[in-house]
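# Reading the structure
The lines below spell out each chain.
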Amino acid sequence: MTNEPGLRMVFEKLKQQAEALLKMFNVTLGNSPSPQRQANSAAGAEALANYGQEPLQIGNELLITDEIVKSYKNLTNSRGRVVIVDQIPAKESALVKASAFGIQVNVGIREAQQMRAAYILSQQEA
């Protein structure tokens, strides 16, 4: 026989922690409908403004956006692709190195954070 009240308490605590984590990314659990995001520049700007809470880490995914393609002409065929952060510099003036499947990107910290926010936004919409 299992300790049903104790097990229920553990599951409730796990659910609360998961909800708190998902709330950071504006995702809801359960049957409540999630808000529809409009794919306009205001939603993108909001995501970029709200991203600053989490620092960039090695292994984070970055989305190559139109703005990055405009800034870095050698990425024209890479629009919409995802790269993984390989190196994060100690100095803010140095470049973040990211790569995946033959695509190599060297961007500033600010651009990398924007790319990360774009990736998170794209995952929320999917």
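Residues numbered from 1 in each chain as written. Predicted model: local features only at pLDDT ≥ 70, side-chain atom pairs only at ≥ 80, totals over all residues. Heavy atoms only, no water.

Of all hydrophobic cores here, the largest spans 17 residues; its most connected members are Leu-62, Ile-64, Leu-75, Val-83, Val-105 and Met-115. Of all the secondary-structure elements, those providing two or more residues to this core are helix H3 (66-71), strand S2 (82-87), strand S3 (96-100), strand S4 (103-107) and helix H4 (109-125). Other than its neighbours up to four places away in sequence, Val-83 contacts Asn-60, Glu-61, Leu-62, Ile-64, Ala-98, Ser-99, Ala-100, Ile-103, Val-105 and Met-115. (Core = buried A, V, L, I, M, F, W, Y, C linked by side-chain atoms within 4.5 Å. Buried < 20%, exposed > 50% of the residue type's maximum accessible area, 1.4 Å probe, protein only. Helix = DSSP H or I, 4+ residues; strand = E, 2+ residues; numbered from the N terminus. Contact = heavy atoms within 4.5 Å.)

What follows deals with the pairing of S3. Burial along S3 is one-sided: Val-96, Ala-98 and Ala-100 are buried, while Lys-97 and Ser-99, pointing the other way, are not. The sheet contact formed by S2 and S3 spans three bridges and is antiparallel. In the sheet register, Gln-87 faces S3, and the bridge partner there is Lys-97. Relative to S4, S3 runs antiparallel, the two sharing five bridges. Paired with Lys-97 across the two strands is Asn-106, which belongs to S4. (Pairing = 2+ DSSP bridges.)

Here we take up the sheet that holds S2. Reading across the sheet, the four strands line up as S1-S2-S3-S4 and stay open at both edges, with antiparallel pairing between neighbours. Of all strands in the sheet, those bounded by a partner on one side alone are strand S1 (61-63) and S4. Direction aside, neighbouring strands of the sheet carry axes that sit 35 degrees apart on average. (Axes fitted to C-alpha atoms, helices over the stretch in contact; angles between N-to-C directions.)

What follows concerns the pairing of S4. With burial as the criterion, only one face of S4 is covered, namely that bearing Ile-103, Val-105 and Val-107; the residues Gln-104 and Asn-106 on the opposite face remain uncovered. The hairpin formed by S3 and S4 contains two residues between the paired strands, and Phe-101 there has a positive phi angle of roughly 50 degrees.

Between its first and last C-alpha atoms H4 spans 24 Å; for 17 residues at 1.5 Å apiece the expected length is 24 Å, and the two agree. Within the sequence span of H4, burial applies to Ile-109, Ala-112, Met-115, Arg-116, Ala-117, Ala-118, Tyr-119, Ile-120 and Leu-121. (Expected span 1.5 Å × (residues − 1).)

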